[in-house]
Amino acid sequence: MMQHPFYRTSLGIIMLLTIIYLLSKVSFIFNPFVTLVQILIVPLTISGFLYYLLRPIVQFLERKKWNRVLSILLIYLLFAGVVTIFFMVVWPPLQKQLFEFMNNVPKLMASLQEQMNEIRRSRYFSFVTSEGSPEVMNKVTEYLNSALNTVSGYVSHVFSFLNNFVIIVGTVPIFLYYMLKQDDRVTPSLVRMLPVRYRIDGEQVIHEVDNMLKGFIAGRMISAMLLAVMGFIGFWLIGLPYPLLLAIVMALFNFIPYFGALLGAIPCVIVAFTVSPSMVLWVIIIVVAAQQIEGNMISPYIYGKTINIHPLTTIVLLLIAGDFMGILGMILAIPLYMTLKIIVIKAYRLYIAQKVDKLPEA
């Protein structure tokens, strides 16, 4: 009976569920490892992003006969200069806008309520109140107030995190240094861990994953920076409050495919609504124009054919990852999925090839 595929599959599922159940009963054993992962995942993610951005520079300097360690130290020196310029030029107005935004949240909510009252009294919306449904506008006002509080909470958490980044400052340079220094040894070390007959295929998989991550990370970083520049210029020209802060928030959300454009536009529209309805229209035009330029003119040239994933699959992945890990999960979902996809496809092809080799010759 156990030779039947159905019974073997059922037994395998029962054993897997039993193992999962037993592991759940001794979860306290894994708590230290979970805590360690939670502490290191952000520094490792930032180190990985910087690694793929800086590795081409190290490789270029090596081709110019520079020593690898000296190349890394030179990049660190240049990076320190860029960070210094950021804190001297960009951070003061950004910090000022952040504090003004946090201090003016009550005023923004009052202005939002005033704008909603103006709309309620407008003749264009008179049909709403004439039908005895003023609660509709009250609900809209309530939702907008809630959204504004949520946005201010997220902004405060993000920047309080950035202001308390001792772990990041202490670990990212170390992780990044060894990633760049040991770059040429990673692939051979991983290949040697595989059985001899799979080493050529394993090396191909590693190179495919590496090219995918390189295209994805570099593309997202360049797109986010260009989007921030376009957003800041547009917001500054129309006189939107906190243009630098909102442009950076919009660019950060751009790391999330599909949903990022909507999430990044929400705080911009809410702040614009506290000024005037016409300001909302201008903000929507600027956000849509910037997103269209980034999505249709910039991203195709940056990504090329690196990312090949169905939109529906992307949405499902983002929803699941966002539920488990929030914003960080939505950022990491696509590269992790593409990595697993490359590995699984290669393993499946090897499995099929082995099955074909075992077929008797006619």
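Throughout this description, residue numbers start from 1 for each chain and increase along the sequence as written. Only residues with pLDDT of at least 70 get local features here, since the model is predicted, and only at 80 or more are side-chain atom pairs given and counted; chain-wide, interface and lining totals rely on the full set of residues. Only hydrogens and water are set aside; all other atoms, that is, all heavy atoms of the structure, feed into the side-chain values.

Some thoughts on the overall build of the chain
Point 1. Helix and strand content of the chain: 13 helices and zero strands.
Point 2. What counts as a helix is a DSSP run of H or I of at least four residues, what counts as a strand is a run of E of at least two, and both are numbered from the N terminus. For the chain, the α and β elements follow one another from N to C terminus as α-α-α-α-α-α-α-α-α-α-α-α-α.
Point 3. Burial here depends on accessible area, computed with a 1.4 Å probe over protein chains only, as a share of the maximum for the residue type. Under 20% is buried, over 50% is exposed, and the range in between is partly exposed. Residue burial in the chain is summarised as follows: out of 362 residues, 32% are buried.
Point 4. Pairs at least 24 residues apart make up 74% of the contacts formed inside the chain by residues separated by at least 6 positions. Here a residue-residue contact requires only that any non-hydrogen atoms of the pair lie within 4.5 Å.

Section: unusual backbone geometry
Note: most peptide bonds trans; most residues except glycine with negative phi.
Point 1. Of note in the backbone geometry, lysine 65 takes a positive phi value of approximately 70° without being a glycine.
Point 2. Considering the arrangement of structural elements, one finds lysine 65 in the loop between α2 (31-63) and α3 (68-103).

A look at the confidence of the model for the chain
Point 1. Confidence scores labelled pLDDT are given residue by residue by the predictor and lie between 0 and 100. Per-residue pLDDT for the chain has a mean of 76; in total, 75% of the residues score no lower than 70.
Point 2. Taken element by element, the chain is modelled with least confidence in helix α5 (residues 126-130), mean pLDDT 50, and with most confidence in helix α9 (residues 199-238), mean pLDDT 85.
Point 3. Counting contacts from residues 128-133, a segment whose pLDDT is below 50, to residues more than four positions away or on other chains yields five contacts.

What to know about a nonpolar patch on the surface
Point 1. The grouping of Ile19, Leu23, Phe28, Ile29, Phe30, Phe33 and Val34 at the surface amounts to a nonpolar patch, some 680 Å² of accessible area in total.
Point 2. If you list the elements that add at least two residues to the nonpolar patch, you get α1 (5-25) and α2.
Point 3. Position of isoleucine 19 among the secondary structure elements: in helix α1. A patch consists of residues whose relative accessible area exceeds 30% and which take part in no salt bridge; residues with like charges are grouped when within 9 Å of each other, and nonpolar side chains (Val, Leu, Ile, Met, Phe, Trp, Tyr) when within 5 Å. All accessible areas in this document rest on Shrake-Rupley with a 1.4 Å probe, and a residue is counted as covered only by the protein chains that are shown. Any carboxyl oxygen of Asp or Glu that lies within 4 Å of a side-chain nitrogen of Lys or Arg is treated as forming a salt bridge with it.

Describing the nonpolar core
Point 1. Nine residue types can take part in a nonpolar core, namely buried Ala, Val, Leu, Ile, Met, Phe, Trp, Tyr and Cys, and a core is a set of them joined through side-chain atoms within 4.5 Å. Counting 33 residues, the largest nonpolar core has Leu176 and Leu180 as its most contacted members.
Point 2. Of all the elements in the fold, those that place two or more residues in this core are α2, α3, α7 (166-181), α9 and α13 (311-358).
Point 3. Sequence-distant contacts of leucine 176, that is, excluding residues within four places in its chain, are made with Ser47, Leu50, Tyr51, Leu54 and Tyr76.
Point 4. Counting 24 residues, the second largest nonpolar core, distinct from the first, contains Leu227, Tyr242, Ile286 and Val287.

Comments concerning the environment of leucine 340
Point 1. Mapping leucine 340 onto the fold places it in helix α13.
Point 2. Classification of leucine 340 by relative accessible area gives exposed; the value is 54%.
Point 3. Between the C-alpha atom of leucine 340 and that of valine 209, which follows or precedes it by 131 residues, the distance is 9.0 Å.

Topic: the side chain of glutamine 291
Point 1. The residue glutamine 291 is located in helix α12 (residues 277-303) in this model.
Point 2. If we skip the residues at most four places from it in the chain, glutamine 291 touches Leu227, Met250, Asn254 and Ala261.

Overview of the pattern of salt bridges
Point 1. Following the criterion strictly, the structure yields four salt bridges and no others.
Point 2. One salt bridge in this structure joins aspartate 210 and arginine 55, with 3.0 Å as the shortest N-O distance. Here aspartate 210, found in helix α9, pairs with arginine 55, found in helix α2; they are 155 residues apart in sequence, far enough to count as distant.
Point 3. For glutamate 62, the salt bridge is made with arginine 68, and the minimal N-O distance between the two is 2.7 Å.
Point 4. With relative accessibility at 30%, the residue glutamate 62 sits in the partly exposed group.
Point 5. Through salt bridges with shared partners, a single ionic network connects Arg55, Asp183 and Asp210.

What about the packing of α2 against α9?
Point 1. A fitted line through C-alpha atoms represents every axis, and for helices the fit uses only the stretch in contact; the resulting angles, taken between N-to-C directions, go from 0 to 180 degrees. It is the contact of α2 with α9, at a shortest axis distance of 9 Å, that shows an interaxial angle of 95°. Relative to α9, the element α2 lies roughly perpendicular. Across from Gly48, Phe49, Tyr52, Leu53 and Arg55 in α2, the residues of α9 making contact are Asp210, Leu213, Lys214, Ile217, Ala218 and Met221.
Point 2. Grouping the constituent residues of the contact of α2 with α9 by class yields seven nonpolar, one polar and three charged. If an angle is under 35 degrees, it is roughly parallel; if it is over 145, roughly antiparallel; if it lies from 65 to 115, roughly perpendicular; otherwise it is oblique. Amino acids are sorted into nonpolar (Ala, Val, Leu, Ile, Met, Phe, Trp, Tyr, Cys and Pro), charged (Asp, Glu, Lys and Arg) and polar (every other residue, Gly among them).

Focus on the packing of aromatic side chains
Working definition: an aromatic ring pair is given by the centre-to-centre distance plus the angle between the planes.
Point 1. The pairing test for Phe, Tyr and Trp rings, Trp by its six-membered ring, is centres within 6.5 Å, and the orientation test on the planes gives stacked under 30 degrees, edge-to-face over 60, and tilted for anything in between. Evaluated as defined, the whole model comprises two aromatic pairs.
Point 2. Look at tyrosine 51 and tyrosine 52: their rings are 5.0 Å apart centre to centre, the planes differ by 75°, and that puts the pair in the edge-to-face class.
Point 3. The class for tyrosine 51 is buried, based on a relative accessible area of 10%.
Point 4. Note on tyrosine 177 and tyrosine 178: the rings are 5.3 Å apart at their centroids and 85° apart in plane angle, and the pair reads as edge-to-face.

Focus on the packing of helix α8 (residues 183-192) against α9
Point 1. Running from amino to carboxyl end, α8 crosses α9 at an angle of 140°, the nearest separation of the two axes being 9 Å. Classified by the interaxial angle, the pair formed by α8 and α9 is oblique. Judged by the sense of rotation from one axis to the other, the crossing of α8 with α9 is right-handed. For the pair α8 and α9, contact is made by Thr187, Leu190, Val191 and Arg192 and by Arg199, Glu203, Ile206 and His207, respectively.
Point 2. Taken together, the residues that form the contact of α8 with α9 break down as three nonpolar, two polar and three charged. By definition, turning the near helix anticlockwise from the far helix through less than a right angle yields a left-handed crossing, and turning it clockwise yields a right-handed one.

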